[in-house]
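Overview (structure and organization)
The lines below spell out each chain.
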Amino acid sequence: MVEPEPEQMACGAGQRLGAPETLGISTLDPGHRPPAMPPGRHVTIRVRMLDDTEEVFDISQKASGKVLFDLVCSHMNLIEGDYFGLEFQNHQKLMVWLDHIKPIIKQLRRPKHTILRFAVKFFPPDHAQLLEELTRYLFALQVKQDLSCGRLTCNDTSAALMVSHIIQSEIGDFEESQCRSHLLNNSYIPDQMPLIDKIMEFHSKNIGQTPSESDYQLLEVARRLEMYGIRLHPAKDREGTGLSLAVAHTGVLVFQGQTKINAFNWSKVRKLSFKRKRFLIKLRPDLNSSYQDTLEFLMASRDCCKVFWKICVEYHAFFRLFEEPKPKPKPVLFTRGSSFRFSGRTQKQVIDYVKESEFKKIPFDRKHSRVQHNSRLSPLPSPRHHEVPTDRVSPGDRVDSPSQHHWKESALVTAEDSSPRTTRTSPAHQSNGHEDRTASVSRTEETRGTTQQNHKDHQNTGVLPDSPLPSAHSGHGMVNGQRSLDLCSPFIDGRQPSPLTSPLLNDACSVRTDDEDEVRRKRYPTDKAYFIAKELLTTERTYVKDLEVITVSFQNAVGQDESTPDSLKNILQSTFEPLHKFHTGFLREVEQRLALWEGRSNAHIKGDYQRIGDVMLKNLQALKPLAVNLHKQSDVLLELEKVCRASQKLERLCRDFELQKVCYIPLNVFILRPLHRLTCYKQILERLCKHYPGTHGDFRDCRAALADVSEVVEQLQGSLIKLENFQKLLELKKDLIGIDNLFVPGREFIRLGCLSKLSGKGLQQRMFFLFNDVILYTSRGMTASNQFKVHGQLSLHGMTIRESEDEWGVPHAFTLVGQKQSVVVAASSLTEMGKWMTDIKAAIEMAKTSNGPSCDLLTDSVRDNKDPSPVSENMAPQVGHPSGQGPVPLSVICWYRVQSLSFSESCRSLENQLSGNLLRKFKNSNGWQKLWVVFTNFSLFFYKSHQDDYPLASLPLLGYSVTVPSESENIHKDYVFKLHFKSHVYYFRTESEYSFERWMEVIRSATVPSGQARVLNSKESHPL
């Protein structure tokens, strides 16, 4: 589809259900009075709401559909009205959405006899993106309608679970006789009777759940269903097979019955069009796809095609664009095609607007609820599970209302429908004079132009070049760049800000102006403990994703191979499945606690919830029984190595798995992740204990948790060092060609890196590998495998080392004198020479006093081979696998960056992991781009959001320097650090001083030896 150019826009908002009238000023643009309603004869329009009541609105016939829609939103004081629309049955008996641009008189033939239906138009992938409680309540009513009429199909368990949340919000806590009577008198799903016992069972587990929480949990279940938000449009394929088309946030879907059989993502669609009865989908060229360039579907009529095409255009614009598309210029002579365009705010604009604005919190009425919970500020439960937060409304806080009659879903409403309904007259209809009507309308109409400045930079940068927003993949529930963490603080200057923002709010990969970001940063809690707890949350999210690489991706890969022995399958499952289950629950509790910590409604309980030590103490004590799983990591590594040695097929399978995008670091590193994670817990608790005074309420729990985790870490420390050495030897075995037996008992890896070897042909770049018994020197192979060919070895037994810069006239040169041969090498800098000489001298001393391995590493074909010609420094073979996937070996990075890397530095990089949202800016770009960033294994990995399965890109940091920007660079923002390597410059911006210090610390710690670590001056450079 040809994507329209973005433009700025806004949408109507008004008052809550049952709220007093406003003062005639729009809630969207305070201080601005919208234009008056157009003159002309007024008509009465009836609108059926989602709670099955009818509202009557008095409006001019010449008014546009936007005026009526704004009036409806104003009546409810609905801020996030852009997700909704007004639909009606036109004269051709087709259900269509009211066009916001066209006058009402051109859309409704018989306005007095037409009933418009207020309904959800755009279904986001995650209800956490709905920031207002009223919006979630209306979505819950829509789900209730869809369940009742059979449009939202699902299995019995899901249906019973959803009904249990509905009745929890309507009648309150479970009481058997009341619940059974209510279900017998009210029908929520077709054929409900057989499921009454199951519904009651689920209802009994919802005790203490408020109506707001019930809405949230209902949407949590509904959004996972395949038919959630789906409106089927009958069609046929070229062979005449009956199908149905639908549109969702991800793209165009094809159904056969109630089963989705195909999906065309927006990123793959080049153009959507229709010609008479034919609906056409033109796809972007794809060599790997078997689909034709253009797909054709036959619908019942041209009007059916046009109706579906319009909703596709609107879905694409709402979920994929930053701003409202600009109107096309009117042709002078001839018109070609439809002039229809999306009118309204995009989801990106809605989310940004609500987060950055402050509205008066007015309670609203729940028509069918006997449990009146009027707070608009209750925190959102975690969107990743079905449990609810621990803060409940006590029974004394609930006000029982008279029993309500059963709410029934009305199917498609015809224009002649005159069945009796509960009717309320809107304030606009009650007014008698034209002035009152004008004032009523002026409360809802909006001027569009106030947000243009906020988004003027959006088109300057983005993650993917083909569309204004990154592609949204249904498998990850992504939209507008996917969900990511964006947390806000409870109070600003003693005032109550906008509604609580969900921890999973969608705001990744969007470009924001500096002013917008300043407002957001000021809403964070200021306590350092909050940011330490937030580090726990962000790194735990990454850790759980890493566990899923083993428990899901790798286990599926080996499980599908019949040659995989049961011993490997069993040890993988028994070791990692319990750990994944535990840490998933731990992550859920941390998310809940952070949501409560930030919640704007938690001022009265902040002493109980602005802490994290109790959560860590509870879970670290629960982790102790799993210590046996942590001790089994060595067994997993040994078993994997054994089966790979025994079967070339399995070895190829593991190599192929490492080339997948999901395996962004070596497979063996994923296996050691549980041991590294314990060290991270210890570091976080140490920082908390250092921050808290001894009298703080959280200090005791943090200290007790630190004692528990320190005990476990101490027990595992010895085995962890051995496992890391084993893992490194296995990794080097894959990188080297021409060795027989690299892994032997007692061999320890010390350092690898680039040195220039002096020979008769001059200085030649070589890759050296230092072990505790031998030094290997290699050259880069000329194949795409990224392996190094071994050319020789030097035994450390009897070796001496001396500086020889003056002797050979080569800067930073030193000579390795062995028993059989001597080698002159030169380092790239004085620092590099010092590192190599220190490590080699220590290894020589170790070789003198130990009985380590002394076997020959070289194969017969290598021993007699002479040094090949040097590799040209101007050549730059591809770094990484030809497919561009899989982790790039650190040895390859060291080769091209002319760096070295020690074993201790490698271990420190794996233990000092960090994750979180950063704003990134290139040297010559204008805007900041929000990304989820993971630091590990000497690299930064960039994601759209923390829920992505694989990174978009990576940045190896070896050779880079980290500084803060100078005044001449005009980066006049706080908490910005700069990474630069030669001409490559990147700026990264953090949310707080603590985050800034942590990112600087972990990036430095990866390469600065522990003995040289020192406090960073904000202006000095730190080479990596």
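The structure presented is a predicted model; accordingly, all values stated were derived computationally and were not measured. (Residues numbered from 1 in each chain as written. Predicted model: local features only at pLDDT ≥ 70, side-chain atom pairs only at ≥ 80, totals over all residues. Heavy atoms only, no water.)

Some remarks on the overall build of the chain
Counting its secondary structure elements, the chain contains 26 helices and 33 strands. Within the span of the chain, comprising 1024 residues, buried residues form 60% of the whole. Excluding contacts between residues fewer than 6 apart, the proportion of contacts in the chain whose partners are at least 24 apart in sequence is 70%. Entry remark: accessible area of the chain is about 42200 Å², with carbon and sulfur atoms responsible for 50%. (Helix = DSSP H or I, 4+ residues; strand = E, 2+ residues; numbered from the N terminus. Buried < 20%, exposed > 50% of the residue type's maximum accessible area, 1.4 Å probe, protein only. Contact = heavy atoms within 4.5 Å. Areas by Shrake-Rupley, 256 points an atom, 1.4 Å probe, with all protein chains shown as cover.)

Topic: the pairing of strand S27 (residues 928–936)
Counting buried positions over the nine residues of S27 gives nine, a clear majority of the element. Neither face of S27 is open: one carries Trp928, Lys930, Trp932, Val934 and Thr936, the other Gln929, Leu931, Val933 and Phe935, and all of them are buried. By the bridge criterion, seven bridges tie strand S26 (residues 914–922) to S27 in an arrangement that is antiparallel. Across the sheet, residue Arg920 finds its bridge partner in S27, namely Gln929. Hairpin connection, S26 to S27: the antiparallel pair is bridged by five residues. Where S27 meets strand S28 (residues 939–943), five bridges bridge the pair, whose relative direction is antiparallel. (Pairing = 2+ DSSP bridges.)

Topic: the packing of helix H12 (residues 528–559) against helix H19 (residues 667–691)
The contact between H12 and H19 brings their axes to 10 Å, and the two run at 170°. By the angle between their directions, the pair H12 and H19 is classed as roughly antiparallel. For the element pair H12 and H19, the recorded crossing hand is left-handed. When its residues are assigned to classes, the contact of H12 with H19 shows 15 nonpolar, two polar and seven charged. (Axes fitted to C-alpha atoms, helices over the stretch in contact; angles between N-to-C directions. Parallel < 35°, antiparallel > 145°, perpendicular 65-115°, else oblique. Left-handed = near helix turned anticlockwise from the far one by under 90°. Nonpolar A, V, L, I, M, F, W, Y, C, P; charged D, E, K, R; others polar.)

A short note on the nonpolar core
Grouped together as the largest cluster of nonpolar side chains are 104 residues, with contacts concentrated most on Leu68, Phe84, Phe118, Leu138, Phe279 and Ile281. For this core, the leading source of residues is helix H7 (residues 302–320), giving eleven residues. Every residue in contact with Phe279, bar those within four places of it in the chain, is listed here: Leu245, Leu272, Ser273, Phe274, Leu295, Glu296, Phe297, Met299, Cys305, Phe308, Trp309 and Cys312. (Core = buried A, V, L, I, M, F, W, Y, C linked by side-chain atoms within 4.5 Å.)

Focus on the pairing of strand S20 (residues 774–780)
The element S20 is extensively covered by neighbouring structure, given that seven of its seven residues are classed as buried. Going residue by residue along S20, you find Val774, Leu776, Thr778 and Arg780 tucked away on one face and Ile775, Tyr777 and Ser779 tucked away on the opposite face as well. Strand direction decides the pairing type here: strand S19 (residues 762–771) and S20, joined by four bridges, are antiparallel. Opposite Leu770, over in S20, you have Ile775 as the bridge partner. Where S20 meets strand S21 (residues 788–795), seven bridges bridge the pair, whose relative direction is antiparallel. Looking at S21, one finds that Tyr777 is bridged to Gly792.

Thoughts on the pattern of salt bridges
Two side chains carrying opposite charge are able to pair once their charged atoms lie near each other. Within this structure, the stated rule accounts for 45 salt bridges. With its nearest N and O atoms 3.4 Å apart, the salt bridge here joins Arg151 to Asp146. Arg224 is paired through a salt bridge with Glu220; the nearest N and O atoms lie 2.4 Å apart. What makes Glu220 buried here is its relative accessible area of 0%. Because the salt bridges share partners, they merge into one network encompassing Arg593, Arg611, Asp614, Asp698 and Asp701. (Salt bridge = Lys/Arg side-chain N within 4 Å of Asp/Glu carboxyl O.)

Digging into the environment of Ser634
In this fold, Ser634 is placed in helix H17 (residues 633–646). Between the alpha carbons of Ser634 and Phe726 there is a distance of 9.0 Å; along the sequence they are 92 residues apart.

Considerations on the packing of aromatic side chains
The tally for this structure, following the rule as stated, stands at 33 aromatic pairs. Plain terms: the ring middles of Phe586 and Tyr681 are 5.8 Å apart, the flat faces sit at 75° to each other, and that makes the pair edge-to-face. Of this pair, Phe586 sits in helix H13 (residues 566–598) while Tyr681 sits in helix H19; the two residues are 95 residues apart in sequence, bridging distant segments of the chain. Comparing Phe586 with Tyr681, the two get one shared label, buried. Each residue in the set Phe69, Tyr83, Phe84, Phe118, Phe122, Phe123, Phe139, Tyr228, Tyr315, Phe318 and Phe319 is aromatic and connected to the rest through ring pairs, giving one cluster. Across the ring face of Phe942, the terminal group of Arg920 is positioned such that the distance to the ring centre comes to 5.2 Å. Over the ring of Trp928 we find Arg989; its NZ or CZ atom is 5.5 Å from the centre of that ring. (Phe/Tyr/Trp six-rings, centres within 6.5 Å; stacked < 30°, edge-to-face > 60°. Lys NZ or Arg CZ within 6 Å of the ring centre and 35° of its normal.)

Considerations on the confidence of the model for the chain
Low pLDDT marks regions whose predicted coordinates should not be analysed in detail. Confidence in the prediction for the chain averages 75 pLDDT; 72% of positions are at 70 or higher. Overall, residues 1–35 carries pLDDT values under 50, and its contacts beyond four positions in sequence, including any with other chains, amount to 147 contacts. Counting contacts from residues 600–606, a segment whose pLDDT is below 50, to residues more than four positions away or on other chains yields 19 contacts. (pLDDT = per-residue confidence, 0-100.)

Side note on unusual backbone geometry
The backbone phi angle of Asp52 is positive, close to 75°, even though this residue is not glycine. On the secondary structure map, Asp52 appears in the loop between strand S2 (42–48) and strand S3 (54–60). Although it is not a glycine, Arg276 sits at a positive phi angle of roughly 55°. Here Arg276 is to be found in the loop between strand S11 (269–275) and strand S12 (278–283). Arg276 gets classed as exposed once you look at its relative accessible area, which sits at 61%.

Some remarks on H12
Here H12 contains 32 residues, and its C-alpha end-to-end distance of 45 Å stays within 8% of the 46 Å for a straight helix at 1.5 Å per residue. At Glu548, H12 is bent by approximately 35°, the largest bend along its length. The element H12 is largely enclosed, with a buried count of 24 among its 32 residues. (Expected span 1.5 Å × (residues − 1). Bend = angle between axes of the 7 residues up to and from the residue.)

Looking at the environment of Ile801
Tracing the backbone through its elements, the reader meets Ile801 in strand S22 (residues 800–803). For the pair Ile801 and Met837, spaced 36 residues apart in sequence, the C-alpha separation works out to 7.6 Å. The contacts of Ile801, once residues within four sequence positions are left out, are Phe814, Thr815, Leu816, Met837, Ile840, Lys841 and Ile844.

A look at the environment of Phe942
Among the structural elements, Phe942 can be located in strand S28. Here Phe942 falls in the buried class, since its relative accessible area comes to 5%. Apart from residues lying up to four places away in sequence, Phe942 is in contact with Arg920, Leu931, Trp932, Val933, Pro951, Leu952, Ala953, Ser954, Leu955 and Phe988.

Section: the side chain of Asp237
When you line up the elements, Asp237 lands in the loop between strand S7 (233–236) and strand S8 (242–248). Although Asp237 is buried, it forms no salt bridge, and the closest oppositely charged side chain is Arg238 at an N-O distance of 8.7 Å. Polar contacts involving the side chain of Asp237 include one to the main-chain amide nitrogen of Thr241, which spans 2.8 Å. Beyond its immediate chain neighbours, meaning those up to four positions away, Asp237 contacts Leu243, Glu296 and Phe297. (Lys, Arg positive; Asp, Glu negative; His and termini not counted. Polar contact = N/O pair within 3.5 Å; in protein donor to acceptor, adjacent residues only side chain to side chain.)

Describing the packing of helix H3 (residues 156–171) against helix H5 (residues 196–203)
At a closest axis distance of 8 Å, the pairing of H3 and H5 adopts a crossing angle of 55°. The orientation of H3 relative to H5 falls into the category oblique. Classified by chirality, the crossing of H5 by H3 is right-handed. Taking contact as the criterion, the partners of Asp156, Thr157, Ala160, Leu161, Val163, Ser164, Ile167, Gln168 and Ile171 in H3 are, on H5, Lys198, Ile199, Phe202 and His203.

Remarks on the state of the cysteines
Throughout the structure, instances matching the rule amount to zero disulfides. With no disulfide of its own, Cys894 has Cys754 as its nearest cysteine by sulfur position, at a separation of 7.3 Å. On the basis of relative accessible area, Cys894 is assigned to the buried category, the value being 0%. (Disulfide = S-S within 2.5 Å.)

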